[in-house]
Amino acid sequence: MHPYSLSVLGLVLLLGGCVSTPCDPSLSDSPCHAERLLRQNDMLQAKMIIASGDLDNYDLAQALLDRMAGQDTAGEVDFYQALLLIHQGPQVSEVLDLLERSAAAGHPHATALLYKIQAEPYLLAEADPGQAQVYRAAYADLDVAKSGYPSFDQALQLVNRLVVAALQPTNPIGQAVRD
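Residues numbered from 1 in each chain as written. Predicted model: local features only at pLDDT ≥ 70, side-chain atom pairs only at ≥ 80, totals over all residues. Heavy atoms only, no water.

*Asks:* How should I be thinking about the confidence of the model for the chain in this particular structure?
*Replies:* Detailed reading of the predicted model is not advised wherever pLDDT is low. For the chain, per-residue confidence averages 80 on the pLDDT scale, and 75% of positions sit at 70 or higher. Mean pLDDT across the elements of the chain ranges from a minimum in helix α1 (residues 3-20), with 37, to a maximum in helix α6 (residues 108-119), with 97. Confidence drops under a pLDDT of 50 for residues 2-21, and excluding neighbours within four residues, the segment shows 1 contact in the predicted structure. (pLDDT = per-residue confidence, 0-100. Helix = DSSP H or I, 4+ residues; strand = E, 2+ residues; numbered from the N terminus. Contact = heavy atoms within 4.5 Å.)

*Asks:* It is not clear to me how helix α9 (residues 152-164) should be interpreted in this structure. Could you clarify?
*Replies:* Three- or four-residue spacings in an α-helix give side chains the same orientation, since the helix completes a turn every 3.6 residues. With 13 residues, α9 extends 18 Å between its outermost C-alpha atoms, agreeing within 8% with the 18 Å of an ideal straight helix rising 1.5 Å per residue. Among the residues making up α9, those that are buried are Phe 152, Ala 155, Leu 156, Val 159, Leu 162 and Val 163. An end-on view of α9 places all buried positions within 125° of arc, on one side of the element. Considering only its buried residues, α9 is in contact with α2 (31-52), α4 (76-88), α6 and α7 (129-140). (Expected span 1.5 Å × (residues − 1). Buried < 20%, exposed > 50% of the residue type's maximum accessible area, 1.4 Å probe, protein only. Arc of directions from axis to C-beta.)

*Asks:* I'm lost on the packing of α2 against α4 in this one. Help?
*Replies:* To describe two helices that pack against each other, one gives the angle between their axes and the distance between the axes. Taken N-terminus to C-terminus, the directions of α2 and α4 make an angle of 25°; their axes are 10 Å apart at the nearest point. Taken together, the axes of α2 and α4 are roughly parallel relative to one another. Remark: the crossing between α2 and α4 carries left-handed chirality. Residue-level inspection shows Met 43, Lys 47 and Ile 50 of α2 in contact with α4, the latter providing Glu 76, Val 77, Tyr 80, Leu 83, Leu 84 and His 87. (Axes fitted to C-alpha atoms, helices over the stretch in contact; angles between N-to-C directions. Parallel < 35°, antiparallel > 145°, perpendicular 65-115°, else oblique. Left-handed = near helix turned anticlockwise from the far one by under 90°.)

*Asks:* Looking at this structure, how should I read the packing of aromatic side chains?
*Replies:* For any pair of aromatic rings, geometry is given as the distance between the ring centres together with the angle between the planes. Tallying each qualifying case throughout the model produces 3 aromatic pairs. Their ring planes at 85° and their centres at 4.9 Å tell us that Tyr 115 and Phe 152 sit as a pair that is edge-to-face. In this pair, Tyr 115 sits in helix α6 while Phe 152 sits in helix α9, placing the two residues 37 residues apart along the sequence. Since its relative accessible area comes to 14%, Tyr 115 is described here as buried. A centroid spacing of 5.4 Å and a plane angle of 75° characterise the contact between Tyr 139 and Phe 152, whose relative ring orientation is edge-to-face. Here Phe 152 lies in helix α9 and Tyr 139 lies in helix α7, a separation of 13 residues in the sequence. When sorted by exposure, Tyr 139 lands in the same class as Phe 152, which is buried. In this structure an aromatic cluster arises from ring pairing among Tyr 115, Tyr 139 and Phe 152. Above the face of the Tyr 122 ring, Lys 116 is positioned so that its terminal group lies 5.1 Å from the ring centre. (Phe/Tyr/Trp six-rings, centres within 6.5 Å; stacked < 30°, edge-to-face > 60°. Lys NZ or Arg CZ within 6 Å of the ring centre and 35° of its normal.)

In structure tokens:
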């Protein structure tokens, strides 16, 4: 066998061993720990951009969310991608699809926003009180609702603030401008 082939085979086996080695993200010197910290930072930065209503940085928020998408199991990325779409001028069917996926993953704010969309209506031409109650009942089944935090009312208040931020112009440092 050619010496180069042996070194490539050795590298593949070495890398395979790294992949199969259990990873403990709680250890501060673990590569998993660093990855987890970077994902948390990406998500926090995306949330802050979206909550600020700073349209100039929405491309960055979208890039951060895209980078997180494959690793999210809690529906958080889908929820914030839906908020981005709402802020940019809603594509209602896309927003609803993202929120449905997020709610199916158990994200409480996605469920509260789906309730808002159906109850008011928000983004839709007509309210659907029956569907709104389905989302309210679904919220009551979530673990967070059973623990009491956030309550449905708290989740709805947060959702209202997040979608209203899309309607307020911001100054250069991202603070809402008051009329």
